[in-house]
Amino acid sequence: MAVTKADPRKNATALEEAPSSTKSDKTYEGLTRKQLVDMYRLMYLSRRLDDREIVLKRLQKIFFQISGAGHEALTVAAGFALKPSYDWFYPYYRDRALCLALGMTPYEMLCEAVGSADDPASGGRQMPSHWGHKKLNIVTQSSPTGTQLLQAVGCAEAGRYFTQHPDAAQRKTGDYRQFKDVTFHGDEVVYVSCGDGTTSEGEFWEAMNTACNEKLPVMFVVEDNGYAISVPVEVQTAGGSVSQLLRNFPNLLIEECDGTDPVASYAACKRAVEHCRSGNGPALVHGHVIRPYSHSLSDDEKLYRPESERQQDAKRDPITRMQLFLVRENILNEDEINKLEKSVDEEVQVASDRAEHATPPTADSIYNHVYSADLDPRTLVSEPKFEGPDKTMADLINAALKDEMKRDERIVVFGEDVADCSREEYLKQKQIKGKGGVFKLTAGLQCDYGSDRVFNSPLAEANIVGRAVGMATRGLKPVAEIQFFDYIWPAYHQIRNELSVIRWRSNGNFSCPAVIRVAIGGYLTGGAIYHSQCGEVLFTHNPGLRVCFPSNALDACGLLHTAIRCDDPVMFLEHKRLYRETYGRSPYPGPDYMVPFGKAKAVKEGNDLSVITYGAVVPRALQAAQRIEREQGVSVELIDLRTLNPYDWEAIATSVRKTSRVIVAYEDTLSWGYGAEIAARIADELFEDLDAPVKRVAATDTFVAYQPVLEDAILPLAEDLFKAMESLAKF
Ligand SMILES: Cc1ncc(C[n+]2csc(CCOP(=O)(O)OP(=O)(O)O)c2C)c(N)n1
Ligand SMILES: [Mg+2]
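Residues numbered from 1 in each chain as written. Chains lettered and ligands numbered in written order. Predicted model: local features only at pLDDT ≥ 70, side-chain atom pairs only at ≥ 80, totals over all residues. Heavy atoms only, no water.

(A) Expanded view of the overall build of the chain. Secondary structure summary: the chain contains 26 helices and 23 strands in total. For 731 residues, the compact-globule formula gives about 27 Å, and the C-alpha radius of gyration of the chain, at 29 Å, lands near that figure. When the backbone C-alpha atoms are referred to their principal axes, the chain occupies close to 100 × 65 × 50 Å. Here the chain, with 731 residues, has 61% of them falling under the buried criterion. Restricting the contact set of the chain to residue pairs at least 6 apart, pairs at least 24 apart contribute 80%. (Helix = DSSP H or I, 4+ residues; strand = E, 2+ residues; numbered from the N terminus. Rg over C-alpha atoms; globule rule 2.2 N^0.38 Å. Buried < 20%, exposed > 50% of the residue type's maximum accessible area, 1.4 Å probe, protein only. Contact = heavy atoms within 4.5 Å.)

Quick look at the structure:
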């Protein structure tokens, strides 16, 4: 059996057996004859692993198969052009040969296929070929095509940032930095690949746009096999060639090559890597490859591709082409090729036998790595040290951002309009005051901390969150802003499928504890549909994501300090109506004031009924509670949850046990809103403590309208809360 060495690109076994002709000095685009043998070995190994998986799938020993067949020459070439465990990698599912070239072993790959606990990518949580390997800087990959592209951009930005701020990389105790080691070299390249179909995703263009604009060292590899499942490339791409379309992107080196030819692919990749590594900007390698094994084992391409077309492809099979090339160049003869292949076949067999007996994960491990096991944000707490006059929520969020940026050099703040002024010369010449956010929440941050820490993004929400995910994975602390909750949806894909799940799907090998600040909510008088939405439940619905929704200035400040120090990703929902409200102002509580997550606050104590709420409903419920106490002597206990995940079940249960009557109030639509879950749990677990049905007060099941008469009819008002309290007290 062949032994896989630390660097598989220099595999001794094949070389020892190679003929004297490999000792010739002739090189091919810089590749020695020995390297070409190694390349062939990896390509053949990759193909045989696919073949082995197909057998295992037919035997029902694995549950899914998708192959890298036809892509081996291009991806091995990329592996040879880049530095393993030095550069960073965001590969897609066809990149088996790349991962082998970087040092993944056949056993590790087959552990993915059987779903073993030893699978280094996910411990049996993801499908095979969803690559991930912490030691090799292969970042956990998911199934959605294209999400990796923006993350690769963020990863490259983080590398550049740490090079310019080396002190920021230091380990610090007491917050997420204790658990997030940072490595950087100053000239590392970030590899990211995708198929031709995936270039149709907006995220591809958003990633290209930012990589080119910022001159980032990202090597984009488009593995163009002419199809996305059954859809041919001319349907995907105007004119049929993505590299043609990209010709005018500045700073972008474009290399188009025959991706079934390893030497041509290596030449293209080498030039691309050189361009990126020397700081000239990103590169695109557009490689034309084939897809001999249908899309996956669940697809039969004979249904949409005629035999003639398939035979044309078969003539370009990179494995056969490479064999012929080695023989033609007198690098290996047929016997030697047979010997090499036999040794690979044996290696695959041994790895496969071992993987078939690899330990599966235990069923009770399912809750591991949903959240950080190292730092529980429920334990982050410290007392306020008040100073100065009362401040608004907007003031104290701004202060908290400044506090944290001072304390932690890993923080970068970005989003739409968050900078004081992108054209910083205007600031320097004192021609203008600066903007700092449409709500002015980030005002002064750029002036205080510089344009590389506080900057505007393009008007593209997926771009903001996708980059934040990449940055946070690499060790930065992005505190990104989504200007209006109503426009978060292009970013929801990154939030739901990436931000919240990276820790779990990588079995704890990767994490991305970014903070996403979002201006949310209605009661604006004229906000209408697209400036008034709530919908926090769509975020609490995602395991792995922490969600805050403060109702007053002091909590917003304390919770934001905690959110930024937290080791989990946090959605920080800021109610626009509360930003400058008189209600809930507070003196500045000091730079270290932290409100722990999952700790509700009793805004008002009472004995007759409980109201469980949060956000902008808190002041409305308080108004109603004071009125009913004054007018009818009903004593209401008002609980402000403050954080929605985790939430304080103990506080809810204690209050309901005391009063036996409860209203759950929230600004979102009544049906399916966040409070629906709370109400269900109360009914389930506290049934015997109740003297009345669990009531909900919430918005109507409509959108929020512009005309104030309509808005008042739609959103829950103090009057609605008063009426609900009155009827519940009488029940
Ligand atoms: C966002 C998203 N949409 C749809 C799918 C289902 N899907 C999986 S692979 C694929 C085709 C991808 O084609 P291409 O990018 O050309 O890569 P190839 O498989 O041809 O290498 C589709 C539609 C998906 N995984 N993700
Ligand atoms: Mg394709």
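Next comes the rest of the description.
(B) How the structure looks around the pattern of salt bridges. Going through the model one piece at a time under the given rule, you end up with 51 salt bridges. The salt bridge partner of E347 is R41, with a shortest N-O separation of 2.9 Å. Separated by 306 residues along the polypeptide, E347 in helix α13 (residues 334-356) and R41 in helix α2 (residues 33-58) bring together distant segments of the chain. Taking the shortest distance from any N to any O, the salt bridge between R517 and E481 comes out at 2.8 Å. Residue R517 is located in strand β14 (residues 515-520), and its partner E481 is located in strand β13 (residues 477-482); the two are separated by 36 residues in the primary sequence. With respect to class, R517 is no different from E481; both count as buried. Residues joined in a network through salt bridges with shared partners are R291, D299, E301, R305, E307, E309, R310 and D313. (Salt bridge = Lys/Arg side-chain N within 4 Å of Asp/Glu carboxyl O.)

(C) Inspection of the pairing of strand β10 (residues 387-391) at higher detail. Counting buried positions along β10 yields zero of five residues, so the element is predominantly exposed. Of the strand pairs in this sheet, β10 and strand β17 (residues 586-588) are connected by two bridges, and their pairing is antiparallel. For K391, the partnering residue across the bridge sits in β17 and is S586. (Pairing = 2+ DSSP bridges.)

(D) Focus on the packing of aromatic side chains. Enumeration according to the criterion identifies 21 aromatic pairs in this entry. An angle of 15 degrees between the planes, with centres 5.2 Å apart, marks the rings of F414 and F455 as stacked. Note that F414 is positioned in strand β11 (residues 411-415) and F455 in strand β12 (residues 454-456), a separation of 41 residues in sequence. For the pair F414 and F455, a shared accessibility class is recorded, and that class is buried. Ring centres of F439 and F484 lie 5.5 Å apart, and the angle between their planes is 70 degrees; this geometry places the pair in the edge-to-face category. In this pair, F439 is assigned in the loop between α15 (424-428) and α16 (445-449) and F484 in the loop between β13 and α18 (489-499), connecting sequence segments 45 residues apart. Each member of the aromatic cluster is reached from another via a ring pair, and the members are F204, W205, F220 and F249. Between R354 and the ring centre of Y107, over which it is positioned, the NZ or CZ distance is 3.6 Å. (Phe/Tyr/Trp six-rings, centres within 6.5 Å; stacked < 30°, edge-to-face > 60°. Lys NZ or Arg CZ within 6 Å of the ring centre and 35° of its normal.)

(E) Geometry of the coordination of the magnesium ion (ligand 2). The magnesium ion (ligand 2) binds to the protein through D196 (OD), N225 (OD1) and Y227 (O), with metal-donor distances spanning 2.0 to 2.1 Å. Taking relative accessible area as the criterion, Y227 reaches 12% and is therefore assigned buried. (Donors = N, O, S within 2.8 Å, 3.2 Å for Na, K, Ca; no water.)

(F) Just the packing of helix α7 (residues 202-213) against helix α17 (residues 461-474), in detail. Taken N-terminus to C-terminus, the directions of α7 and α17 make an angle of 70 degrees; their axes are 10 Å apart at the nearest point. On the basis of the axis angle, α7 is roughly perpendicular to α17. Residues E203, E206 and T210 of α7 touch α17, and the partners they reach there are A462, N463 and R467. Among the residues forming the contact of α7 with α17, the class breakdown is one nonpolar, two polar and three charged. (Axes fitted to C-alpha atoms, helices over the stretch in contact; angles between N-to-C directions. Parallel < 35°, antiparallel > 145°, perpendicular 65-115°, else oblique. Nonpolar A, V, L, I, M, F, W, Y, C, P; charged D, E, K, R; others polar.)

(G) Inspection of the sheet that holds strand β23 (residues 695-699) at higher detail. Sheet architecture is open: five strands sit in the order β18-β20-β19-β22-β23, paired in mixed fashion. Each edge of the open sheet is held by one strand with a lone partner, namely β18 (601-604) and β23. Within the sheet, the average angular offset between the axes of one strand and its neighbour, ignoring direction, is 25 degrees. In the packing of helix α26 (residues 718-730) onto the sheet, the strands contacted are β19 (609-613), β20 (636-640), β22 (662-669) and β23, and the crossing angle to β22 comes to about 155 degrees.

(H) Here's a closer look at the nonpolar core. Ranked by internal contacts, the top residues of the largest apolar core, which has 86 residues, are F220, I495, I516, F539, M571, L641 and I682. Among the elements that line this core, the one with the most residues is helix α6 (residues 147-164), at nine residues. By size, the runner-up hydrophobic cluster in this structure holds 66 residues, among which are M109, V221, V263 and I331. (Core = buried A, V, L, I, M, F, W, Y, C linked by side-chain atoms within 4.5 Å.)

(I) Here's a closer look at the environment of H295. Counting through the fold element by element, H295 comes out in the loop between β9 (283-288) and α11 (307-314). Taking relative accessible area as the criterion, H295 reaches 14% and is therefore assigned buried. Non-local contacts of H295, meaning those with residues more than four positions away in its chain, are made with I66, Y93, R94, I229 and Y304.

(J) Spatial organisation of the site of ligand 1. Neighbouring residues of ligand 1: 17 residues in total, closest Y92, Y93, G197, T198 and Y227. A distance of 2.6 Å separates an oxygen atom of ligand 1 from a polar atom in the side chain of Y93. With respect to ligand 1, the side chain of T198 contributes an N or O atom lying 2.6 Å from an oxygen atom. Burial of ligand 1 by the protein chains amounts to 74% of its free accessible area of 580 Å². The class makeup of the residues in the shell around ligand 1 is six nonpolar, eight polar and three charged. (Near = heavy atom within 4 Å. Polar contact = N/O pair within 3.5 Å; in protein donor to acceptor, adjacent residues only side chain to side chain. Areas by Shrake-Rupley, 256 points an atom, 1.4 Å probe, with all protein chains shown as cover.)

(K) Focus on helix α10 (residues 262-277). Between its terminal C-alpha atoms α10 stretches 21 Å, which fits the 22 Å expected from 16 residues at 1.5 Å a residue. Across the 16 residues of α10, twelve count as buried, placing the element largely inside the fold. Of the residues that open α10, the one with a side-chain oxygen 2.9 Å from the backbone nitrogen of V263 is D261. (Expected span 1.5 Å × (residues − 1).)

(L) Just the confidence of the model for the chain, in detail. Per-residue confidence for the chain gives a mean pLDDT of 96; residues scoring 70 or more make up 97%. Segment residues 1-5 is flagged for pLDDT under 50; beyond a separation of four residues in sequence, or across chains, it makes 14 contacts in the model. Note that residues 12-18 has pLDDT below 50 and, in this model, twelve contacts with residues that lie over four places away or in other chains. (pLDDT = per-residue confidence, 0-100.)

(M) Local environment of unusual backbone geometry. Each neighbour pair has its own omega, and for N645 with P646 the value is 0 degrees, a cis peptide bond. In this fold, P646 is placed in the loop between β21 (643-645) and α23 (649-659). Positive phi values are uncommon outside glycine, yet S294 reaches one of about 60 degrees. Within the secondary structure, S294 sits in the loop between β9 and α11.

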